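As a plain string of letters, each chain reads:
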Amino acid sequence: MLPQPDWNTIKKKLHFQLNYSSLYVTWFLRWLIFGAITGVVCGLAGAAFLVSINWVTAARQANDWLIFLLPFAGLLIVFTYHRAGFRQDPGTNLVLASIQSKQHIPIRMAPLIFFGAVITHLCGGSAGREGAALQIGGSIGEALGRLFRLHDTDINIIVICGMSAVFASLFGTPIAATVFSMEVISVGVIHYSAFVPCIVSASIAYGIIQKLHIDASIFPQIYAPEFTVFLFIKIIFLAMLCGIVSMLFCISVHGAERLYKKYISNDYQRIFVGGCLVIALTMLSGTRAYNGQGADMLQLAMTGTCPTFAFFLKILFTALTLGAGFKGGEIVPTLFVGATLGNVVAPLLGLDATLGAAIGMISLFCSVVNCPLASVLLSIELFGHSSALLFCIACAVSYVFSGYYGLYSSQKIMYDKLHPQYINTRSH
């Protein structure tokens, strides 16, 4: 005789599954709405920021004399931050730390970094825009979380959403922006709980940029040569070099900040001196190619021949600018350094200069942010999929050879790069 089914047990299981399924549906719809709202708000903020940066860059290029206002622009930046209550500006580190702990991101950080980055670019400071994007997106994300009265853990998710949305709007790479925002916080641990809301917010922000016809940087499609053992070795060597140079970049930026503070304790005096040093270096170099983002030199690296030591000069310009307290980001200068380095080294290895510039750009980005997955996706979105294997090899190698250095001191390296071992340390 067959055993009779236990209808009570079956009923309980069905009830449990229905409740659990409804929880998934509720969560999905909830974050679909929150992600969409974040994408719209941060997308519009990113669009305004991108238009502003493009406008002041064009103004600076048309008026070379603006570089001489850089020290005074620095004084204005310090004044606005002090008036807003920021004696020590933690920058992007505060955004990352807020997700790791319960630190609060003030909403006033968004207009401050917006203004500071724009005026830095207007007067020729060497800085990027994506670092500012993380701060703008993170502070707006937390403000929306407080407005929606979200729990602290949910606020962490919406902060990541804001970061990915503004990053996507400025770079035009929504997939890389999504993964980068989840990956950059803790190396070795990806915040997959933010995947759905992040891709929603990044996609909407990217759509806004396209709808407004605001062009992000356009890079050429990279077509890989025939894969051989010699090509494999050449890519490895170039990626190793990028990993080593990335350490030099991080040491220079962080070291310059420490030296400034060691010898000039006053914020106003420090940023004024920093502005004067950038002017002096600009005059000595005889070119304005290293001021601002350096987009022209970045494009030249993809299409022509760069000066041999362009990568080193950009490191120096960026360290003097950001170390003194000027605002902006480090990522576009990183791309500049990587592209120009790859452009110079590639022909020595028998590689095409354009391919070398692209490999160098992605490898150095991977090294300084410690985000190999986001870097591979970034390469595909920027340069196409035909060379994905080469970029993947380069990211794997440069990630290891960059050691435990990184742009953000609040970034946690949860697992060792060489062994499957939990270390929970901060990047240098």
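Coordinates for the structure precede this section.
Residues numbered from 1 in each chain as written. Predicted model: local features only at pLDDT ≥ 70, side-chain atom pairs only at ≥ 80, totals over all residues. Heavy atoms only, no water.

K.L.:
Kindly report on the overall build of the chain, identifying the contributing residues and their values.
P.N.:
Within the chain, the regular secondary structure consists of 16 helices and 3 strands. Taking 22 Å as the expected radius of gyration for a compact globule of 428 residues, we find that the chain reaches 23 Å, a close match to that expectation. With respect to the three principal axes, the spread of C-alpha positions in the chain is 95 × 60 × 45 Å. When the accessible area of the chain is evaluated, it comes to approximately 18,600 Å², of which 67% is carbon and sulfur surface. Distance between charge centres in the chain, computed from 24 positive and 17 negative side chains, equals 9 Å. (Helix = DSSP H or I, 4+ residues; strand = E, 2+ residues; numbered from the N terminus. Rg over C-alpha atoms; globule rule 2.2 N^0.38 Å. Areas by Shrake-Rupley, 256 points an atom, 1.4 Å probe, with all protein chains shown as cover. Lys, Arg positive; Asp, Glu negative; His and termini not counted. Charge placed at Lys NZ, Arg CZ, Asp CG, Glu CD.)

K.L.:
Tell me about the layout of surface pockets, and please be specific about residues and values.
P.N.:
Each pocket or cavity is described by its volume, and for the second largest pocket that value is around 470 Å³. What lines the second largest pocket is a set of 23 residues, and nearest its centre among them are Thr57, Gln61, Gly294, Ala295 and Asp296. Elements represented by at least two residues in the lining of the second largest pocket include exactly helix 1 (7-62), helix 11 (295-303) and helix 13 (331-348). Its residues placed into classes, the lining of the second largest pocket shows 10 nonpolar, 8 polar and 5 charged. (1 Å grid on protein atoms, 1.4 Å probe; cavity = no way out; pocket = protein on both sides within 12 Å on 5 of 7 lines; lining within 4 Å. Points joined across faces, edges and corners; volume = space filled by probe spheres on them. Nonpolar A, V, L, I, M, F, W, Y, C, P; charged D, E, K, R; others polar.)

K.L.:
How would you summarise the sheet that holds strand 1 (residues 186-187) if you had to cite specific residues and measurements?
P.N.:
The 3 strands lie next to each other as 1-2-3, forming an open sheet whose pairing is mixed. Since the sheet does not close on itself, it has two edges, and those belong to strand 1 and strand 3 (422-426), each with one partner. (Pairing = 2+ DSSP bridges.)

K.L.:
Residue-level account of the pattern of salt bridges, with values.
P.N.:
Evaluated as defined, the whole model comprises 6 salt bridges. Taking the shortest distance from any N to any O, the salt bridge between aspartate 154 and arginine 30 comes out at 3.2 Å. One end of the pair, aspartate 154, is in helix 6 (residues 152-171); the other, arginine 30, is in helix 1, and 124 residues separate them in sequence. Judged by its relative accessible area of 30%, arginine 30 falls in the partly exposed class. Between arginine 270 and aspartate 267 there is a salt bridge; the shortest N-O distance is 2.3 Å. In this pair, arginine 270 and aspartate 267 both sit in helix 10 (residues 267-285), 3 residues apart, roughly one turn of the helix. (Salt bridge = Lys/Arg side-chain N within 4 Å of Asp/Glu carboxyl O. Buried < 20%, exposed > 50% of the residue type's maximum accessible area, 1.4 Å probe, protein only.)

K.L.:
Can you tell me about the nonpolar core, naming the residues and giving the values?
P.N.:
With 127 residues, the main nonpolar core has Phe180, Ile331, Met361 and Phe383 as its most contacted residues. Per-element tally for this core: the top contributor is helix 6, with 13 residues. Not counting the four nearest positions on each side in its chain, methionine 361 is found in contact with Phe219, Leu298, Met302, Leu335, Gly338, Ala339, Leu382 and Phe383. (Core = buried A, V, L, I, M, F, W, Y, C linked by side-chain atoms within 4.5 Å. Contact = heavy atoms within 4.5 Å.)

K.L.:
Hey, could you go over the environment of cysteine 371 for me, with residue numbers and the actual values?
P.N.:
Here cysteine 371 shows up in the loop between helix 14 (353-369) and helix 15 (372-383). We classify cysteine 371 as buried; its relative accessible area is 0%. Each C-alpha atom of the pair cysteine 371 and methionine 182 lies 9.5 Å from the other, and the pair is 189 residues apart in sequence. Not counting the four nearest positions on each side in its chain, cysteine 371 is found in contact with Phe180, Glu183, Val184 and Cys366.

K.L.:
Outline a nonpolar patch on the surface, supporting the account with residue identities and numerical values.
P.N.:
Together, Ile33, Ile37, Val40, Val41, Leu44 and Leu212 line one region of the surface with nonpolar side chains, adding up to about 470 Å² of accessible area. Relative to the helices and strands, isoleucine 37 resides in helix 1. Residue isoleucine 37 is classed as partly exposed on the basis of its relative accessible area, which comes to 31%. (Patch = residues over 30% accessible without salt bridge, like charges linked within 9 Å, V, L, I, M, F, W, Y side chains within 5 Å.)

K.L.:
Before we move on, could you go through the packing of helix 13 against helix 14 and cite the residues and values that matter?
P.N.:
Where helix 13 meets helix 14, the axes come as close as 6 Å, and the angle between the chain directions of the two elements is 140°. Judged by the inter-axis angle, helix 13 sits oblique to helix 14. Remark: the crossing between helix 13 and helix 14 carries right-handed chirality. Two secondary-structure elements touch here, helix 13 through Ile331, Thr334, Leu335, Val337, Gly338, Ala339, Gly342, Asn343, Ala346 and Pro347 and helix 14 through Ala353, Gly356, Ala357, Gly360, Met361, Leu364, Phe365 and Val368. (Axes fitted to C-alpha atoms, helices over the stretch in contact; angles between N-to-C directions. Parallel < 35°, antiparallel > 145°, perpendicular 65-115°, else oblique. Left-handed = near helix turned anticlockwise from the far one by under 90°.)

K.L.:
Any chance you could break down helix 11 for me, citing the residues and the numbers?
P.N.:
Every buried residue of helix 11 is listed here: Met297, Leu298, Ala301 and Met302. Projected down its long axis, helix 11 shows its buried positions confined to an angular sector of 145°, all on one face. Facing away from the buried side of helix 11, by more than 90 degrees, are the exposed residues Asp296 and Thr303. Each element contacted by the buried residues of helix 11 is listed here: helix 13, helix 14 and helix 15. (Arc of directions from axis to C-beta.)

K.L.:
Before we move on, can you summarise the packing of helix 2 (residues 70-83) against helix 10 with the specific residues and values?
P.N.:
In contact at an axis separation of 8 Å, helix 2 and helix 10 are set at 150° when each is read in the N-to-C sense. By the angle between their axes, helix 2 is roughly antiparallel relative to helix 10. Crossing angle aside, the handedness with which helix 2 passes helix 10 is right-handed. Of helix 10, the residues touching helix 2 (which contributes Leu70, Pro71, Phe72, Gly74, Leu75, Ile77, Val78, Phe79 and His82) are Asp267, Tyr268, Ile271, Phe272, Gly275, Cys276, Val278 and Ile279.

K.L.:
Account for the packing of aromatic side chains, with residues named and values stated.
P.N.:
Applying the stated criterion across every chain, the model contains 12 aromatic pairs. With a centroid separation of 6.1 Å and 65° between ring planes, the pair formed by phenylalanine 227 and phenylalanine 232 is classed as edge-to-face. On the accessibility criterion, phenylalanine 227 (42% relative accessible area) is partly exposed. Grouped by ring-pair contacts, the aromatic residues Phe167, Phe171, Phe180 and Phe365 constitute a single cluster. Taking the ring centre of tyrosine 399 as reference, the NZ or CZ of lysine 417 above it sits at 4.3 Å. (Phe/Tyr/Trp six-rings, centres within 6.5 Å; stacked < 30°, edge-to-face > 60°. Lys NZ or Arg CZ within 6 Å of the ring centre and 35° of its normal.)

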